[in-house]
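Coordinate inspection notes
Residue strings, one per chain:
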Amino acid sequence: MSILLSERQTDDLHKAILDYLHNAGFTKSFDQFKEDAKLADFQPDLGQKSNGLLVKKWTSVIRMQKKIMDLEARLQEALHDNSNMAALPAGFSRRNNPDWLPTAGSSKHTLTGHRDAVNAVAFHPVYSVLVSASDDSTMKVWDWETGEMERTLKGHTKRITDCEYDSKGKSLVSCAYDLFIKLWNVENDYQNFATLRGHEHSVSSAKFLPGDDRIISSSRDQTVRIWEIATTHCIKVIRPHSDWIRCAIPSSDGKFFLTCSMDMFTAHLVELDSGITKSELRGHDNVVESAVFMPVSCIPAIRELLGQRAQPSVPDNANISYAATSSRDKTIKIWDALRGQLLLSAADDHTIRIWELKTGRCIRKIEAHERFVSSLAWGRQTISSDTNGKAGSSSAPLLMNVIASASSDQVYGTSVHFVR
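Described below are features of the structure shown in this document. Only a predicted model underlies this, so the values are computations on that prediction, with no experimental measurement involved. (Residues numbered from 1 in each chain as written. Predicted model: local features only at pLDDT ≥ 70, side-chain atom pairs only at ≥ 80, totals over all residues. Heavy atoms only, no water.)

1. Regarding the overall build of the chain
Operational definition: Under the DSSP-based scheme used, a helix requires at least four consecutive residues in state H or I and a strand at least two consecutive residues in state E, with every element numbered from the N terminus. To sort residues, take the accessible area from a 1.4 Å probe on protein chains only and compare it with the maximum for the residue type: under 20% means buried, over 50% means exposed, and anything in between is partly exposed. In this analysis, two residues are considered to be in contact whenever any of their non-hydrogen atoms come within 4.5 Å of each other. Surface accessibility follows the Shrake-Rupley procedure with a 1.4 Å probe radius. Residue values consider only the protein chains on display as shielding.
Within the chain, the regular secondary structure consists of four helices and 26 strands. Burial status across the chain gives 44% buried among its 420 residues. Within the chain, residue pairs in contact and separated by at least 24 positions form 45% of the contacts whose partners lie at least 6 positions apart. For the chain, the exposed area adds up to about 22800 Å²; of that, 51% sits on carbon and sulfur atoms.

2. Brief notes about helix α1 (residues 7-24)
Heads up, the rule is: Expected helix span is computed as 1.5 Å times (number of residues minus one).
In this model, α1 (18 residues) spans 26 Å end to end at C-alpha, consistent with the 26 Å of a helix rising 1.5 Å per residue. When we look at burial in α1, the residues that qualify are Ala-16, Leu-18, Asp-19 and Leu-21.

3. Observations regarding the side chain of Asp-178
Note the threshold: When charges are counted, Lys and Arg contribute as positive and Asp and Glu as negative, whereas His and the chain ends are disregarded. Salt bridge, as used here: a side-chain nitrogen of Lys or Arg that lies within 4 Å of a carboxyl oxygen of Asp or Glu. For the purposes of these results, a polar contact is taken to be a pair of N or O atoms within 3.5 Å, where, inside protein, one atom must be able to donate a hydrogen and its partner to accept one; residues adjacent in sequence count only when each atom of the pair is a side-chain atom.
Within the element layout of this structure, Asp-178 appears in the loop between β7 (171-176) and β8 (181-185). Within the buried core, Asp-178 has no salt-bridge partner, and the shortest N-O distance to an opposite charge, that of Lys-182, equals 6.0 Å. At 3.0 Å, the side chain of Asp-178 forms a polar contact with the side chain of His-156. Setting aside residues up to four positions removed in sequence, Asp-178 forms contacts with His-156, Thr-157 and Lys-158.

4. A short note on unusual backbone geometry
Unusually for a residue other than glycine, Tyr-190 sits at a positive phi of about 60°. Within the secondary structure, Tyr-190 is located in the loop between β8 and β9 (191-196). For Tyr-190, a relative accessible area of 8% gives the class buried. Residue Thr-232 is not a glycine yet carries a positive backbone phi of 65°. One can find Thr-232 in the loop between β12 (224-228) and β13 (233-238).

5. Overview of the pattern of salt bridges
When the charged atoms of two side chains with opposite charge come close together, those side chains can pair. As enumerated under the stated definition, the model contains 10 salt bridges in all. We note a salt bridge from Lys-207 to Asp-162, for which the minimum N-O separation is 3.3 Å. Here Lys-207 is found in strand β10 (residues 203-208), whereas its partner Asp-162 is found in strand β6 (residues 160-165), with 45 residues between them in sequence. Note on Lys-207: relative accessible area 16%, which makes it buried. A salt bridge links Asp-221 to Arg-225; the nearest nitrogen and oxygen atoms lie 4.0 Å apart. What makes Arg-225 buried here is its relative accessible area of 9%.

6. Here's the deal with the sheet that holds strand β17 (residues 277-282)
Condition: Here the rule is simple: two strands pair whenever DSSP picks up at least two bridges between them. Interaxial angles span 0 to 180 degrees and are taken between N-to-C directions of axes, which are lines fitted to C-alpha atoms, for helices over the stretch in contact.
The strand order β14-β15-β16-β17 describes an open sheet built from four strands, whose pairing is antiparallel. The open sheet is flanked by β14 (245-250) and β17, the only strands paired with a single partner. Averaged over all pairs of adjacent strands, the angle between strand axes in this sheet comes to 15°, irrespective of strand direction. Pairing of β14 with strand β15 (residues 256-261) involves five bridges; the strand directions are antiparallel. Each residue of the ladder has a partner; that of Ile-249, found in β15, is Leu-258.

7. So, the nonpolar core
Counted only if it meets this: By nonpolar core we mean a set of buried residues, namely Ala, Val, Leu, Ile, Met, Phe, Trp, Tyr and Cys, connected to one another through side-chain atoms within 4.5 Å.
Ranked by size, the top nonpolar core spans 16 residues in total, and within it Val-131, Met-139, Cys-163, Tyr-165, Leu-172 and Tyr-190 carry the most contacts. Mapped by element, the contributors of at least two residues to this core are β2 (118-123), β3 (129-134), β4 (138-143), β6 and β7. Counting residues in hydrophobic clusters, the runner-up holds 15 residues, among them Cys-260, Ala-267, Phe-293 and Ala-323.

8. Looking at the pairing of strand β11 (residues 214-219)
Consecutive residues of a regular strand have side chains that alternate between opposite faces of the sheet. Where burial is concerned, most of β11 is hidden: five out of the six residues are buried. With five bridges joining them, β10 and β11 adopt antiparallel strand pairing. Bridge pairing in β11 places Lys-207 opposite Ile-216. In the sheet, β11 pairs with β12 via five bridges, with the strands oriented antiparallel. When the bridges of β12 are listed, Arg-214 appears paired with Glu-228. Between the end of β11 and the start of β12, which pair antiparallel, lie four residues, with Gln-222 showing a positive phi angle near 70°.

9. Let's talk about the packing of aromatic side chains
The following threshold applies: Only Phe, Tyr and Trp rings are paired, with Trp represented by its six-membered ring, and only when their centres lie within 6.5 Å; those with planes under 30 degrees apart are stacked, over 60 edge-to-face, the remainder tilted. Put simply, a charge is over a ring when the Lys NZ or the Arg CZ is close to the ring centre, within 6 Å, and near the line of the ring normal, within 35 degrees.
Within the structure shown, the criterion is met by two aromatic pairs. Pairing Phe-123 with Trp-144 gives two aromatic rings, centres 6.4 Å apart and planes at 80°, and the pair type is edge-to-face. Taken together, the residues span a long stretch of sequence, with Phe-123 in strand β2 and Trp-144 in the loop between β4 and β5 (148-154) at a distance of 21 residues. Relative accessible area serves as the criterion here: at 13%, Phe-123 is assigned to the buried category. Seen from the ring of Phe-180, Arg-197 lies directly overhead, with NZ or CZ sitting 5.1 Å from the centre. We note Arg-246 situated over the ring of Trp-244; from NZ or CZ to the ring centre the distance is 4.2 Å.

10. A word on the side chain of Ser-219
The residue Ser-219 is located in strand β11 in this model. By relative accessible area, which is 0% here, Ser-219 ends up buried. Ignoring any residue separated from it by four or fewer positions in sequence, one finds Ser-219 in contact with His-199, His-201, Ser-202, Val-203, Ser-204, Trp-244 and Ile-245.

11. As for the environment of Val-173
Within the secondary structure, Val-173 sits in strand β7. In this structure, the C-alpha to C-alpha distance between Val-173 and Asn-192, residues 19 residues apart in sequence, is 9.6 Å.

Function cannot be inferred from these measures alone, as they are strictly geometric.
Following this line, the structure appears as structure tokens:
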């Protein structure tokens, strides 16, 4: 043998093998090995330390291998980060690296408290506050700096599907399977000051339109509705799909919105004023769960990926030029939203993945939850702080990156990083 065992270790190993062969019912092998190992007096006994030892050792080896693989993956991430840091200028640290990416080990808090799956998370635009919406019919408000829960909002009677703060953080909107959309006054202890009624089936999403005076919502009743907050009236009903509409996301100027639906697994770009579908994004093989407009800042990277020549100026319709959709077919697709042409397909799964648009590659995979990730939110805030985190110093302000992810494992994690 290449590995030498002591006489005692050899005896224990032989007895463990005999015990396994006996318990597995390999009678002939048991008798033959007992003869070869010169253990004719061996009789399996539940009280012996060799009982089940081989199986226990085998399972422990498997667990150890998994731990080793996880550690190797983390080591590769650390080496990759260090190699990137080596190219940075002197005095430039990871703490103020604008290209910082979250890792599996960078989660600051794991927030627990909901009794069922968490469906959505939203950051307050000013304060270190975020809100979560759950299947348990409640929303919870958290301080993401301390990880403490500040309050629980009750009002809906069924699963809450979406929530969002307005641009100033003065109001919060939520929607649920109880057919209602509710508005909450943040400055008045989150009092529910309005309830919007009109949808005839579960409400999938609710977002503030630019200006914060109207709400756009989508529903399983196959409609998108526009609501006036001052009167709580529904002022427009649009039917861009023939099946459950999963979301309706407004453009930054409020002139268009993007929807996705279960009808033939499509997404639509719709003009808000006329309700006319400008383009149909068709190509997924299963239900399209979400759709978003790509930020204008992403356009150069997308054009580089496509091999297109960079344009000297940004076109007027740049805010709706490209869109991204995600589907149950386990893909993310990036589209030319105006012409409805597929530009890029990238495979994805239940983990959080970070993609480099210039190459279309997944550059980081994060095992953030035990079950599928249902929502992901990115918050950025500017704070006054020195490099040691002391508020009120005269140094340049820091830009704080915060990422929150929600999951059906009833928890969500936050990852925080400061960027100068």
